[in-house]
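Okay, here's what each chain looks like letter by letter:
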Amino acid sequence: MVTFPSGSTPRAAAPTAWLARATLWAGPYAVLLQMLLLGLAILSLSRLGLAAWQWSRVRATGIDGLLFLQGLRADLILLGYFLAIPLLFAPLLAHRSAVRFWRTGTLVWASFALVLIVFMELSSPQFILQYDVRPNRLFVEYLSYPREVLATLWHGFRTALLLGVGMTVVLGVLLFRLLRGASADMRMWPARRLLLLWPLLCVLVFMQVRSTTGHRPANPALFALTGDALVNSLVINSAWSVLDAIGSMRKEARSSEIYGALPRGQVLARVRAAPWLADARFADPERPTLHAQQAAIARPRPLNLVIVLEESLGATFVQSLGGLPVTPELERLKHEGWWFEQLYATGTRSVRGIEAVVAGFAPTPARSVVKLSLAQQRFYTLAAGLGQQGYQTEFVYGGEAHFDNMRSFFTGNGFQRVVDIGQMRPAFVGSWGASDEDLFDKSLERLKDLHAQGKPFFSLIFTSSNHEPFEFPDGKIDLHDPQRQTVNNAVKYADYALGKFIRAAKQQDYWKDTVFLIVADHDNRVYGDELVPVKKFHIPGLILGADIQPRRITPVASQVDLGPTLLSLLGVSSTHPMIGRDFARDSASPGRALIQFNDVFALLEEDGAATILRPGKAPMLGRYDATRGVLDARAGQPSPAQAETALAHVLLPSLLYREQRYRLGQ
């Protein structure tokens with residue numbers, strides 16, 4: 001026991017003495033008990049701080065008391081994982097003869113666990129500012145790209161980064177010293193007591209981790225108590241959120257099954273029942289969505305295709321779509337082509353936008369197929385399909401094309417050439433690579449070369465200037481915000497560069513033979529107090545060039561509809577597995593959008609009905625008011641047909657990926 005002269009206990013040692021007195025009765029498990037108590041205190045204080053910060057949204061849900069009660073339950077689950085590992089080894093190591101070894105081992109393990117908890121909680125506020133939820137799978141995925149991530153953190157979040165690391169180090173040292181002092185007089189138990197109590201402790205920790213007597217153990221989805229995704233994430237803790245995401249990523253081939261099951265035949269029947277697929281013939285059981293599409297426009301020679309995928313350019317930044325007036329070039333261009341008024345992104349990541357726009361692939365709760373192993377070869381993309389039609393195909397990107405596994409996915413699936421910053425001489429380089437002007441200058445050079453070869457071509461151009469930390473060249477635009485490095489200024493620069501690119505392309509011989517699609521991959525910072533913030537999935541889409549005449553596309557549309565529409569406009573009849581809609585053949589009948597937001601899926605229909613699927617819970621029926629951008633998730637229960645249709649649309653892509661059936665015939 002730690003002792004001090006009477007009346008002279010130093011204040012700094014008081015916590016150590018208290019912790020020692022409260023836990024030394026636990027014998028060899030004293031350090032583990034100390035870890036449990038300190039962990040609960042840290043996580044509860046962090047939750048209290050986060051809830052106070054977001055109090056208006058917490059109060060609006062009416063679960064302020066339940067948030068902390070269920071939060072304590074979630075914290076016990078996380079700490080149970082940390083208790084389980086050393087507990088399993090206790091019969092072998094927790095003996096009097098090995099007291100130093102056991103004490104040191106548990107001390108190091110407990111310190112590691114608490115430092116991890118502290119680090120994750122300190123990381124949470126900045127992550128919430130970005131993604132409107134606690135750290136999740138994105139936190140892990142970005143670790144694969146340390147250069148880009150560190151550059152972004154250093155240039156855009158330097159103060160937060162230094163404070164977070166510094167506080168983690170300081171608190172880590174203090175926690176280690178506290179544990180070391182409190183466990184200095186650890187007393188080992190006789191072997192008999194150790195062995196008799198060990199099974200009971202194992203059962204208690206098992207129950208602590210399982211946290212329910214139900215059929216399945218508790219998981220983060222169990223704590224989704226409200227319609228606000230942020231408040232739901234506050235109930236759990238950040239370390240468990242990330243650890244669960246890592247575990248889910250290992251099982252993501254069957255990720256969509258979290259919403260329920262449906263017979264295979266019923267899945268296919270529901271998806272194929274879409275009006276635009278009703279007349280299609282699906283003759284190949286090995287590729288159940290493969291079908292022939294006759295181009296709506298007959299052309300003597302297929303047109304070229306250029307897709308400009310704009311980073312984070314959501315409707316938030318387009319005034320005519322209800323956003324800010326920071327895209328004047330796009331607003332002017334919309335009068336020259338097909339303008340989508342209700343186009344929705346399928347997700348919140350660039351790779352999700354890529355899989356939808358370039359491959360016509362529907363979203364799942366798993367990672368995008370751009371990053372999944374079974375999709376790295378023989379997976380359908382527009383490049384693979386057009387390549388069979390004699391097209392030259394390439395991808396042009398201002399950063400390093402290995403990011404998000406793009407190079408591997410593209411080169412394995414039809415893109416014959418990849419051009420990135422290594423083949424450029426940019427005048428301005430930011431954290432994410434060359435500026436959009438430099439990217440477009442290189443693209444103009446490449447398009448001219450492709451045209452000179454006399455063969456049709458498809459070029460995918462992916463911008464990056466509108467990405468934190470929002471770096472762009474000086475003297476190009478009149479700033480929208482007084483502070484320079486803001487998202488609104490970055491969008492305005494990206495729009496300026498886009499307008500400059502289109503004006504230059506119009507002067508080239510290939511303009512009259514080329515269809516251009518300008519579309520966002522997703523919006524910036526998808527957030528909101530709704531279960532699915534549908535408004536933040538609204539994005540602009542514009543098709544122009546060649547002989548495209550101005551038209552407003554008013555039905556609800558999804559990014560997965562763009563591929564079939566483009567093929568028709570190019571005059572390319574082909575066989576492909578895309579399930580999207582050809583707006584060149586039918587631009588008036590009701591549409592639908594497929595939306596994946598974290599682990600929630602929504603199928604949005606023309607009349608505003610939104611069938612919402614959540615892990616392990618019954619489907620919900622929401623009602624989306626597009627004029628106000630508000631989703632009412634309390635509209636009731638969807639009909640059996642609505643629930644099955646939504647489930648089929650999220651189960652199908654998982655099935656096609658898992659069985660490697662989203663491919664062409666060869």
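Preceding this section is the structure that the text describes.
Basis of the calculations
Position numbers for residues start from 1 in each chain and track the written sequence from start to end. It should be noted that, the model being predicted, local features are given only for residues of pLDDT at least 70 and side-chain atom pairs only at 80 or more, the latter also being counted only at that level, while totals for whole chains, interfaces and linings use all residues. Excluded from the side-chain calculation are hydrogens and water; included are all heavy atoms of the structure. Between N-to-C directions, angles span 0 to 180 degrees; the directions come from axes that are lines fitted to C-alpha atoms, helices contributing only their stretch in contact. Counting from the N terminus, the helices are DSSP H or I runs at least four residues long and the strands are E runs at least two residues long. For a crossing to be left-handed, the near helix must be turned anticlockwise from the far one by less than a right angle; the clockwise case is right-handed. By the convention used here, residues are in contact when the closest approach between their heavy atoms is within 4.5 Å. By the convention adopted, Pro, Cys, Tyr, Trp, Phe, Met, Ile, Leu, Val and Ala count as nonpolar, Lys, Arg, Asp and Glu as charged, and the other residues, Gly among them, as polar. Two strands pair if DSSP finds at least two bridges between them. Any carboxyl oxygen of Asp or Glu that lies within 4 Å of a side-chain nitrogen of Lys or Arg is treated as forming a salt bridge with it. Each residue is placed in one exposure class: buried if its accessible area under a 1.4 Å probe, protein chains only, is under 20% of its type's maximum, exposed if it is over 50%, and partly exposed if it falls in between. Roughly parallel refers to an angle under 35 degrees, roughly antiparallel to one over 145, roughly perpendicular to one between 65 and 115, and oblique to any angle outside these ranges. Any two of the Phe, Tyr and Trp rings considered here, Trp counted by its six-membered ring, make a pair once their centres fall within 6.5 Å; the pair's planes then place it as stacked at under 30 degrees, edge-to-face at over 60, or tilted in between. Lysine NZ or arginine CZ positioned within 6 Å of the ring centre and within 35 degrees of the ring normal marks a charge as sitting over the ring. Candidates for patches are residues over 30% relative accessible area with no salt bridge; among them, like charges are joined within 9 Å and nonpolar side chains (Val, Leu, Ile, Met, Phe, Trp, Tyr) within 5 Å. Surface accessibility in these figures is a Shrake-Rupley result with a 1.4 Å probe; residues are shielded only by whichever protein chains are displayed. Cavity and pocket criteria rest on a 1 Å grid covering protein atoms alone: a 1.4 Å probe that fits but cannot get out defines a cavity, protein on both sides within 12 Å along at least 5 of 7 lines defines an open pocket, and an atom within 4 Å of a point defines a lining residue. Grid points are joined across faces, edges and corners, and a volume is the space filled by probe spheres set on the points.

J.: Can you walk me through the packing of helix 2 (residues 30-53) against helix 8 (residues 158-182) in this structure?
T.: A pair of packed helices is captured by two measures, namely the crossing angle of their axes and the spacing between those axes. Following both chains from N to C, one finds helix 2 and helix 8 inclined at 145 degrees, their axes separated by 11 Å at the closest point. Remark: the crossing between helix 2 and helix 8 carries right-handed chirality. Contact with helix 2, carried on its side by Gln34, Met35, Leu38 and Ile42, involves Leu175, Leu178, Leu179 and Ala182 of helix 8 and no other residues of that element. Counted by class, the contact of helix 2 with helix 8 contains seven nonpolar, one polar and no charged residues.

J.: Just to check I follow, could you spell out the sheet that holds strand 14 (residues 592-597) for this structure?
T.: Strands in a sheet are paired, the pairing made by backbone hydrogen bonds, and the direction either parallel or antiparallel. With respect to topology, five strands assemble into an open sheet ordered 14-15-16-17-18, the strand pairing being antiparallel. At either margin of the open sheet sits one strand with a lone partner, and together these are strand 14 and strand 18 (630-636). Taking each pair of neighbouring strands and ignoring which way they run, the sheet shows an average axis angle of 30 degrees. As paired strands, strand 16 (residues 609-613) and strand 17 (residues 620-625) are joined by four bridges and run antiparallel to one another. Across the sheet, residue Thr611 finds its bridge partner in strand 17, namely Leu621.

J.: Please explain the pattern of salt bridges as it appears in this structure.
T.: Here the idea is simple: oppositely charged side chains can pair when their charged atoms come close. Taken as a whole and judged by the stated rule, the model has 32 salt bridges. A salt bridge links Glu394 to Arg446; its shortest N-O distance comes to 2.8 Å. Residue Glu394 is found in strand 4 (residues 392-397), and its partner Arg446 is found in helix 17 (residues 436-452); the two are separated by 52 residues along the sequence. Across the pair, exposure class does not vary: Glu394 and Arg446 are buried alike. Beyond isolated ion pairs, a larger network of salt bridges with shared partners links Arg264, Glu286, Glu659 and Arg661.

J.: Help me understand the packing of helix 17 against helix 18 (residues 487-506), please; the structure alone is not making it clear to me.
T.: Relative orientation of the contacting elements helix 17 and helix 18 amounts to 20 degrees, with a least axis distance of 9 Å. Considering the angle they form, helix 17 stands roughly parallel to helix 18. The chirality of how helix 17 crosses helix 18 is right-handed. Side by side, helix 17 and helix 18 meet where Asp436, Glu437, Phe440, Ser443, Leu444 and Leu447 of the first sit next to Tyr493, Ala494, Tyr496, Ala497, Leu498, Lys500, Phe501, Ala504 and Ala505 of the second. Partitioning the contact of helix 17 with helix 18 into residue classes produces eleven nonpolar, one polar and three charged.

J.: For this particular structure, what's the right way to read the pairing of strand 2 (residues 304-310)?
T.: The two faces of a sheet get side chains in turn, since along a regular strand they alternate between them. Buried residues dominate strand 2, accounting for seven of its seven residues. Taken together, the seven bridges between strand 2 and strand 9 (residues 514-520) define a ladder with parallel strand orientation. Residue pairing in the sheet places Ile307 in a bridge with Leu517 of strand 9. The sheet contact formed by strand 2 and strand 8 (residues 457-462) spans five bridges and is parallel. Bridging across to strand 8, Ile307 finds its partner in Leu460.

J.: Please explain the packing of aromatic side chains as it appears in this structure.
T.: When we look at a pair of aromatic rings, we describe it by the centre distance and by the angle of the planes. Per the counting criterion, the structure on display carries 24 aromatic pairs. Between Phe501 and Phe516 the ring centres are 6.3 Å apart and the planes differ by 65 degrees, which places this aromatic pair in the edge-to-face class. Linking Phe501 in helix 18 with Phe516 in strand 9, this pair joins segments that are 15 residues apart in sequence. Side by side, Phe501 and Phe516 carry an identical accessibility label, which is buried. Members of the aromatic cluster, each reached through a chain of ring pairs, are Phe361, Phe379, Tyr380, Phe395, Tyr397, Phe409, Phe410, Phe415, Phe458, Phe462 and Tyr662. Arg484 extends its terminal NZ or CZ atom over the ring of Phe472, reaching a point 4.2 Å from the ring centre.

J.: Would you mind going over the pairing of strand 3 (residues 338-344) with me for this structure?
T.: The buried fraction of strand 3 is high, at six of seven residues. As judged from the five bridges shared by strand 3 and strand 10 (residues 538-545), these two strands associate in the antiparallel manner. Paired with Tyr344 across the two strands is His538, which belongs to strand 10. In this sheet, strand 11 (residues 551-553) lies alongside strand 3 in parallel orientation, the contact comprising three bridges. Directly across from Trp338, in strand 11, lies its bridge partner Arg551.

J.: So what exactly am I meant to see when it comes to a nonpolar patch on the surface here?
T.: A surface patch of nonpolar side chains, amounting to about 570 Å² of accessible area, comprises Leu197, Leu200, Val203, Leu204, Phe206 and Met207. Mapped onto the elements, Leu200 comes out in helix 9 (residues 191-210).

J.: Please clarify how empty space enclosed by the protein should be interpreted in this entry.
T.: Over the atoms rolls a probe the size of a water molecule, and in doing so it shows where empty space is left. Considering all chains together, one arrives at three cavities of 30 Å³ or more under this definition. The wall of the largest cavity is formed by Phe428, Gly430, Ser431, Trp432, Gly433, Ala434, Ser435, Ser464, Ser465, His467, Phe470 and Glu471. Of the residues contributing to the lining of the largest cavity, the split by class is four nonpolar, seven polar and one charged.

Geometry only, nothing functional implied.
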